[in-house]
Amino acid sequence: MTEPAAQPAEHTALPDPDVAREWLATMMLIRRFEERAGEMYAKAKVGGFLHLAIGEEATIVGSTRALRDQDYLISTYRSHGHTLARGSEPNRVMAELFGRVDGLCKGRGGSMHMFDLERRFMGGYGIVGGNLPLAAGFALASDYLGHDEVTLCQFGDGASNQGTFGETMNLAALWHLPVVFMITNNQFGMGTALERHSAIIDLLRKGEGFGVPGMRCDGMDVMDTYAVTSEALRIAREERRPMLVEAVTYRFRGHSMADPEEYRTKEQVDEWRKRDPIAMFGDQLVEAGMLSAEEREQMDRETVERVDAAVAFADASPHPSPNALYDDIYVLGDQVRGWYSVDERTPTPHRGEDERGMDEGTLPRSAEHGAAPKPADTAQTGED
C-alpha cells in the first residue's frame, strides 16, 4: 500500500480567492452529499448498490476543474461526486439515487449510472474497465469532427488490470486521440490491496508499453491534482496524444455500503484521515486569509442545508409509473419502424410502447387477472 505523504505538494500560489472558495465548497458538497446518501441507503430509500467517494474529493474536484465546458468526462460506478462537480443539480442527483422521476435519468440509472449530457458528463459506468473504450470513442469523434475537445476518463486501480485497459491504450496511442486516462488509485481493487492485484504498483507506468506516457499527482491535494491534470489535458489537446495520470488517493469508507472492510485496519484508515483533503485545503485558505474560520463553518452549514433540501426533494418526487418501462428502450424518434418492445401479459401480445396509451377500461386482461379464456383456448383443452 502507498503510504500517505506527510505534506501536500508544493505550489507557487493558491488559486484566486473566489476560485479557491468554490473548490472548497464543491468538495464539502460532495462529502456531505455522500454522507447523506449513505444514511438514505441504510434507511432503504436508495436501492441497489451504493459506492461512496468519501476521501476522494480532491481527486474529483481538482481534475474536473481542469476541464473546459466542452470537454467530456466519463467515470465509474463511484460517480455521484463527479456528477456534482460537473454542475448537475444536487436535487436531481439525489432523486436519481432514490429512483424517482425527477432524477437525472428519470430514476432509471440509480447510483451507478448517473448521466448528464448537457454538462458532458457521459455517465457513471457499472462495468469495471468498460468505460475506457467508450472514452476512446468520444475522443475519436472529437478528432474526426475536428473539435477542440478532450475526454477525461476516470477509473480505479483495479480496472488497470482489465483487458480493455491495454486495448484502449494501444488504440488511443495509435490513432493519436485527445484523451486523458486517470487512474484513481485508492489503494484497493474492491478489497484487494494494490500490491496484491498489480505486478506494477507504479501505475503511471502501465501505459508506457502501449505508447501512453504517465504522470502522477497527489490525489489528496486539490491543487496538485488540478496542476497535473491541466498539463495532461494540454498535451492531449495541443499535441493530440493520449496521457495517463495516476491520482494517489484513499477512500475512507468501504468499497460499497455492503463492504465489511475486513481487509484493512482502523489504524490504516486513521493514518490517511490525517490528510483529509477538505480539512487540509480549508486550513490552507484560512492561513492565507482567504477564508475565516467562521466563514468556513457557515459554508459547511449551508452545504448541509443544501443536501437536506436535496433529500426532501427526492423523497417528494414520485416513483416512475410501471408503464414507463417501455419509454426510451432503443431509439428516439421514428428512425426504426416496428415494435420496440412487446407486452405479453395479455391474451394477445401488443406493442409495449402502446401500454401508456391504454386506460384500465380498454387494457386487455390476462387470464391470471380474471379474463375469461378465449374459445380457442377452451377447445385446445379437449373438454366438451
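Up top you'll find the structure we're talking about.
Rules of the game
- Residues numbered from 1 in each chain as written.
- Predicted model: local features only at pLDDT ≥ 70, side-chain atom pairs only at ≥ 80, totals over all residues.
- Heavy atoms only, no water.
- Helix = DSSP H or I, 4+ residues; strand = E, 2+ residues; numbered from the N terminus.
- Contact = heavy atoms within 4.5 Å.
- Pairing = 2+ DSSP bridges.
- Axes fitted to C-alpha atoms, helices over the stretch in contact; angles between N-to-C directions.
- Phe/Tyr/Trp six-rings, centres within 6.5 Å; stacked < 30°, edge-to-face > 60°.
- Buried < 20%, exposed > 50% of the residue type's maximum accessible area, 1.4 Å probe, protein only.

Chemist: Quick question: what am I supposed to make of the environment of Gly-129 here?
Modeler: Counting through the fold element by element, Gly-129 comes out in the loop between α4 (90–98) and α5 (131–145). As a C-alpha pair, Gly-129 and Phe-155 span 26 residues in sequence and 7.0 Å in three-dimensional space. Sequence-distant contacts of Gly-129, that is, excluding residues within four places in its chain, are made with Ala-159, Gln-162 and Thr-164.

Chemist: For this particular structure, what's the right way to read the sheet that holds strand β3 (residues 179–185)?
Modeler: The pairing of strands in a sheet comes from backbone hydrogen bonds and takes either a parallel or an antiparallel form. Read across the open sheet, the five strands follow the order β1-β2-β3-β7-β6; overall the sheet is parallel. Bordering the open sheet on either side are β1 (72–74) and β6 (214–218), each of which pairs with just one other strand. Across the sheet, the mean angle from the axis of one strand to that of its neighbour is 20°, orientation sign disregarded. Taken together, the three bridges between β1 and strand β2 (residues 151–156) define a ladder with parallel strand orientation.

Chemist: Could you clarify how one ought to interpret the packing of aromatic side chains in this entry?
Modeler: Note on aromatic pairs: each is described by the distance of the centres and the angle between the planes. One pass over the full model with this rule turns up eight aromatic pairs. Relative to Tyr-263, the ring of Phe-188 lies with its centre 5.0 Å away and its plane at 55°, an arrangement referred to as tilted. Remark: Tyr-263 occurs in the loop between β7 (243–248) and α9 (266–273) and Phe-188 occurs in strand β4 (residues 188–189); sequence separation between them is 75 residues. Consider the rings of Tyr-250 and Phe-252, whose centres lie 6.4 Å apart with planes at 45°: the pair is tilted. A relative accessible area of 3% means that Phe-252 is categorised as buried. By way of ring pairs, the aromatic residues Phe-188, Tyr-250, Phe-252, Tyr-263 and Trp-272 are connected into one cluster.

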